[in-house]
2 protein chains.
Amino acid sequence: MFAVVLACAMALITAVAQAADPLPSWKDGPAKKAIVGFVQATTQKVRPEFVPRSERIATFDNDGTLWAEQPMYFQLFFALDRVKALAPQHPEWKDKEPFASLLKGDVKGALAGGERALAEIVMATHAGMTTEEFEKIVKDWVATAKHPKTGRLYTEMVYRPMLEVLAYLRAKGFKTFIVSGGGIEFMRPWTEKVYGIPPEQVVGSSIKTKLEMRDGTPSLVRLPEINFVDDKAGKPVGINEHIGRRPVAAFGNSDGDQQMLQWTQAGSGARLMMLVHHDDAIREFAYGAESKIGTFSDALMADAKKRGWVVISMKNDWKRIFAWE
Amino acid sequence: MFAVVLACAMALITAVAQAADPLPSWKDGPAKKAIVGFVQATTQKVRPEFVPRSERIATFDNDGTLWAEQPMYFQLFFALDRVKALAPQHPEWKDKEPFASLLKGDVKGALAGGERALAEIVMATHAGMTTEEFEKIVKDWVATAKHPKTGRLYTEMVYRPMLEVLAYLRAKGFKTFIVSGGGIEFMRPWTEKVYGIPPEQVVGSSIKTKLEMRDGTPSLVRLPEINFVDDKAGKPVGINEHIGRRPVAAFGNSDGDQQMLQWTQAGSGARLMMLVHHDDAIREFAYGAESKIGTFSDALMADAKKRGWVVISMKNDWKRIFAWE
């Protein structure tokens, strides 16, 4: 009984705290207004747009939406660090591309081999161990590796305004999910701590795993074989497979998110579709149609306008960018 | 603020209710004792077996564990009803196996073609429509189709003692998941209403889907191609893919659940592994090693004994079987 009383006291404190601005890092403007307006409309029973609690599903891309993705996807930094760490066990890499270029520090040269080179790097660094071993490798990496430009941990390179959106939505009964092209097992070891999103609410790309008995104990071994690519048209497929219902809100930042936002909007009732636009060269990075990472094409911008999606300007809509600011 | 006060009142009522026996349909015995003992040990902070709330993951097989599975898997009844409903659009089925036998009411003859015949029936009845269309077909079926022996809706053929376990675990902060060899999209339309398990907590077998734009609107079309078989060694794979952490409790009833229970037990700390044994020919069905549906082999029984899993005797451990009793 004491636990219940305590929980009630906590709930009251939370309720009071929420009366304050739930999005303090957002400037007053159309983006903030869209978020608050959507939440108020869908969570008040008297409103026609009301959405029952169980259907309040919100999905978020990760790279470029929740954390930064420049000068390249952070998972690629992880893969490169793994190549260096594993090189002593692979003397043959010295003469074999893409590893030879990588070990000389020539990332561009290594990736010149295109998707095949990238796949080789991913498989060499992400497969061959058990799921538990991989989880430990990722945890150790995020605890120590630093972003080359800011010198911060990668898990500090998260956008404070988006952390506020996650917390605000959850406080209003939404379940928040990540739906990312990144590796599902690369994200799960830290998303709960950093975003408050538990492993079971992370959807991502994956390689196949296989159950093996070792001395009567089962292990899941990671195989060098693609299982699922959670990008573009794959995002609605991944959402359907993992969540089994259509989101009512979706957040992205690139061409890879277009189908997720279209899929979200195609449901009936109130919907919120938002795209983070990286237009702040001073406080973060400015990139868009010309970028290879997180491409925000002119076609995406046109689709957003046509369909009434809200484009978030990092420059104009966000008071602060990173959590440490 | 009123909502918070109301929520607190509800919480207090729930707390009082919980002081009563959480498992009234269970006879006092080793099975009930194992469940209550596990929950008390893992949810009290002072206990060495304490498990943090976020790690309280419990997985349940469906066929034969949460609902009945005799005289054959209910999803097969669904498929047969679909063959009958679709027959007018497929005049060629009259001369084509396995459909010809099925339409004559000869299920045994139809399934004589083994896995290939079964796959043909599944693909003809589960693929070719959008995910939304399939959801509606399933919802209509479960709302009307009746079990041939009891005359009850299939969704009434659920085990009341297991509903109590689900509710008890959830009241104690566990997240309950289904991990079934059955079709994920066949279960999701009704599991929330029947078990209190939302679609995003259902893991099952699946066929592939593909995003298609129709007049600018995206649809997910179900393809006649296996995506994942969530059975035996596939269960730990499915758990890892969908949940991303190891369960602390797992419930099954057949050889198809053996690896899930082994996988659950292989984690550190307190664990609960239970198998429902169908040994009550009078109130339900009695079957085991000799059955083709829900086989409980002698090897499974031996493994359960060796590893200390708790076998639930429907005859001796359950006061009531079905929810309507």
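The structure displayed is predicted, hence computed values, not measured ones.

Student: Hey, could you go over the relation of the copies chain B and chain A for me, with residue numbers and the actual values?
Tutor: After a rotation of 180 degrees and a shift along the axis of 0.0 Å, chain B superposes on chain A with an RMSD of 0.0 Å. One copy is carried onto the other by what is essentially a two-fold rotation axis. Taken as a fraction of all interface residues of chain B, those also at the interface in chain A reach 100%, which identifies the copy contact as same-surface.

Student: So what's going on with the pattern of salt bridges? Which residues, and what values?
Tutor: Oppositely charged side chains are able to pair whenever their charged atoms sit close together. Using the criterion set out here, one finds 35 salt bridges over all chains in the structure. Residue Lys235 of chain A is joined to Asp61 of chain A by a salt bridge in which the shortest nitrogen-to-oxygen separation is 3.0 Å. Taken together, the residues span a long stretch of sequence, with Lys235 of chain A in helix α10 (residues 234–242) and Asp61 of chain A in the loop between β1 (57–60) and α3 (74–86) at a distance of 174 residues. Neither residue differs from the other here; Lys235 of chain A and Asp61 of chain A are each classed as buried. Between Asp303 of chain A and Arg307 of chain A there is a salt bridge whose closest N-O contact spans 2.8 Å. Taken as a pair, Asp303 of chain A and Arg307 of chain A lie in helix α12 (residues 298–307) at a separation of four residues, close to a single helical turn. Comparing Asp303 of chain A with Arg307 of chain A shows no difference in burial state: the two are buried. By sharing partners, the salt bridges in this structure join Lys175 and Arg245 of chain A together with Glu192 and Glu200 of chain B into a single network.

Student: Break down the interface of chain B and chain A for me, citing the residues and quoting the values.
Tutor: Contact residues are listed per partner, giving 45 residues for chain B and 45 residues for chain A. If you sort the residues of chain B by the area they bury against chain A, Glu200, Leu211 and Glu241 of chain B come out on top, with a joint share of 16%. For the pair chain B and chain A, the number of links is eight salt bridges. The partner of Arg245 of chain A in a salt bridge is Glu200 of chain B, with the nearest N and O atoms 3.1 Å apart. Summed over the shared surface of chain B and chain A, the number is 24 residue pairs in polar contact (both at pLDDT 80 or more). When residues of the side of chain B that touches chain A are assigned to their parent elements, the largest contribution, six residues, is made by helix α1 (residues 2–18) of chain B.

Student: Describe helix α11 (residues 258–265) of chain A, and please don't skip the residues or the numbers.
Tutor: With seven of eight residues buried, α11 of chain A lies mostly within the body of the structure. Among the residues of α11 of chain A, those classed as buried are Gln258, Gln259, Met260, Leu261, Gln262, Trp263 and Thr264 of chain A.

Student: Lay out the pairing of strand β4 (residues 217–228) of chain B with the relevant residues and their values.
Tutor: As judged from the eight bridges shared by strand β3 (residues 202–214) of chain B and β4 of chain B, these two strands associate in the antiparallel manner. Bridged to Arg214 of chain B within β4 of chain B is Thr217 of chain B.

Student: Report on the side chain of Thr125 of chain A, specifying residues and quantitative values.
Tutor: By the element assignment, Thr125 of chain A lies in helix α6 (residues 114–126). Since its relative accessible area comes to 1%, Thr125 of chain A is described here as buried.

Student: With reference to specific residues and values, describe the sheet that holds strand β2 (residues 175–183) of chain A.
Tutor: Residues and elements named next belong to chain A. In space, the seven strands of this open sheet follow the order β4-β3-β2-β1-β5-β6-β7, with mixed pairing throughout. Both edges of this open sheet fall to β4 (217–228) and β7 (310–313), since each of them pairs with a single strand only. On average, adjacent strands in this sheet sit at an angle of 35 degrees to one another, irrespective of strand direction. Relative to strand β5 (residues 249–252), α11 is tilted by about 165 degrees, and along the sheet it contacts β1, β2, β5 and β6 (272–277).

Student: I'd like a description of unusual backbone geometry, backed by residues and values.
Tutor: All names here are of chain A. With an omega dihedral of 5 degrees, the bond running from Gln70 to Pro71 counts as a cis peptide bond. Inspection of the secondary structure assignment puts Pro71 in the loop between β1 and α3. With a phi close to 55 degrees, Asp215 is a non-glycine residue in the positive phi region. By secondary structure assignment, the location of Asp215 is in the loop between β3 (202–214) and β4. Positive phi is not limited to glycine here, since Lys232 has a value of about 50 degrees. Inspection of the secondary structure assignment puts Lys232 in the loop between β4 and α10. Assessed through its relative accessible area of 40%, Lys232 is described here as partly exposed.

Student: I'd love a proper account of the pairing of strand β5 (residues 249–252) of chain B, names of residues and values included.
Tutor: All names here are of chain B. Burial of β5 is two-sided: the residues Ala249 and Phe251 facing one way and the residues Ala250 and Gly252 facing the other way are all buried. Of the pairings in the sheet, the one linking strand β1 (residues 57–60) to β5 comprises three bridges and is parallel in character. The partner of Thr59 across the bridge, within β5, is Ala250. Where β5 meets strand β6 (residues 272–277), four bridges bridge the pair, whose relative direction is parallel.

Student: I'd like a description of the sheet that holds β3 of chain B, backed by residues and values.
Tutor: All names here are of chain B. Judged by pairing direction, the sheet is mixed, and its seven strands sit side by side in the order β4-β3-β2-β1-β5-β6-β7 without closing on themselves. With partners counted over all chains shown, the strands left at the sheet margins are β4 and β7 (310–313), one partner each. Each strand of the sheet is rotated relative to its neighbour by a mean of 35 degrees, with strand direction disregarded. Alignment of strand β2 (residues 175–183) against β3, held across three bridges, turns out to be parallel. Bridge pairing in β3 places Gly183 opposite Ser205. Contacts between helix α6 (residues 114–126) and the sheet are confined to β3 and β4, with β4 contributing the most and set at about 175 degrees to the helix.

Student: Can you lay out the nonpolar core for me, pointing to particular residues and giving the numbers?
Tutor: Looking at soluble globular proteins, one finds that nonpolar side chains tend to be buried together. With 68 residues, the main nonpolar core has Trp26, Phe60, Met162, Tyr195, Phe251 and Trp318 of chain A as its most contacted residues. When residues in this core are grouped by element, the largest group, eight residues, is from α3 of chain A. Filtering out sequence-adjacent residues up to four positions away, Phe60 of chain A remains in contact with Leu66, Met162, Val165, Leu166, Leu169, Thr176, Phe177, Ile178, Val179 and Phe251 of chain A. One finds Phe74, Tyr154, Val158 and Ile293 of chain B within the second-largest nonpolar core, a separate group that totals 65 residues.

Student: Just give me the short version of the environment of Gln75 of chain B, but keep the residues and values in it.
Tutor: Residue and element names in this part refer to chain B. Summarising the element assignment, Gln75 is placed in helix α3 (residues 74–86). For Gln75, a relative accessible area of 18% corresponds to the buried category. Excluding anything up to four places from it in sequence, Gln75 contacts His126, Gly182, Gly183 and Phe186. Of the polar contacts made by the side chain of Gln75, one reaches the backbone nitrogen of Gly183; its length is 2.9 Å.

Student: Which residues make up α3 of chain A, and what values go with them?
Tutor: All names here are of chain A. Between its first and last C-alpha atoms α3 spans 18 Å; for 13 residues at 1.5 Å apiece the expected length is 18 Å, and the two agree. Most of α3 sits out of view: ten of its 13 residues are buried. Listed in full, the buried residues belonging to α3 are Phe74, Gln75, Leu76, Phe77, Phe78, Ala79, Leu80, Arg82, Val83 and Leu86.

Student: Go over the confidence of the model for chain A, please, and point to the residues and values.
Tutor: Here chain A shows a mean pLDDT of 94. Residues at 70 or above account for 94%. Taken together, the chains of this predicted complex give a pTM of 0.93 and an interface ipTM of 0.92.

Student: Go over the packing of aromatic side chains with me, naming the residues and quoting the values.
Tutor: Taken as a whole and judged by the stated rule, the model has 39 aromatic pairs over all chains. A ring pair is formed by Trp26 of chain A and Trp318 of chain A, whose centres lie 5.7 Å apart and whose planes are at 75 degrees; its orientation type is edge-to-face. Linking Trp26 of chain A in the loop between α1 (2–18) and α2 (30–43) with Trp318 of chain A in the segment after α13 (314–317), this pair joins segments that are 292 residues apart in sequence. Side by side, Trp26 of chain A and Trp318 of chain A carry an identical accessibility label, which is buried. Between Trp141 of chain B and Phe186 of chain B, the aromatic rings sit 6.0 Å apart at their centres with planes inclined by 50 degrees, giving tilted as the arrangement. Of the two residues, Trp141 of chain B sits in helix α7 (residues 131–144) while Phe186 of chain B sits in helix α9 (residues 184–195), which places them 45 residues apart along the sequence. No difference in accessibility class separates Trp141 of chain B from Phe186 of chain B, as the two residues are buried. Chaining the aromatic ring pairs together yields one cluster made of Trp67, Phe74, Phe77, Phe78, Phe134, Trp141, Tyr154, Phe186, Trp190 and Tyr195 of chain A. Arg246 of chain A extends its terminal NZ or CZ atom over the ring of Trp263 of chain A, reaching a point 3.8 Å from the ring centre. Here Arg222 of chain B stacks its cationic end above the ring of Phe134 of chain B, 4.0 Å away from the centre of that ring.

Conventions we followed
Residues numbered from 1 in each chain as written. Chains lettered and ligands numbered in written order. Predicted model: local features only at pLDDT ≥ 70, side-chain atom pairs only at ≥ 80, totals over all residues. Heavy atoms only, no water. Least-squares fit on C-alpha atoms with pLDDT ≥ 70 in both. Contact = heavy atoms within 4.5 Å. Salt bridge = Lys/Arg side-chain N within 4 Å of Asp/Glu carboxyl O. Helix = DSSP H or I, 4+ residues; strand = E, 2+ residues; numbered from the N terminus. Buried < 20%, exposed > 50% of the residue type's maximum accessible area, 1.4 Å probe, protein only. Buried area = accessible area lost by both parts, 1.4 Å probe. Polar contact = N/O pair within 3.5 Å; in protein donor to acceptor, adjacent residues only side chain to side chain. Pairing = 2+ DSSP bridges. Axes fitted to C-alpha atoms, helices over the stretch in contact; angles between N-to-C directions. Core = buried A, V, L, I, M, F, W, Y, C linked by side-chain atoms within 4.5 Å. Expected span 1.5 Å × (residues − 1). pLDDT = per-residue confidence, 0-100. Phe/Tyr/Trp six-rings, centres within 6.5 Å; stacked < 30°, edge-to-face > 60°. Lys NZ or Arg CZ within 6 Å of the ring centre and 35° of its normal.

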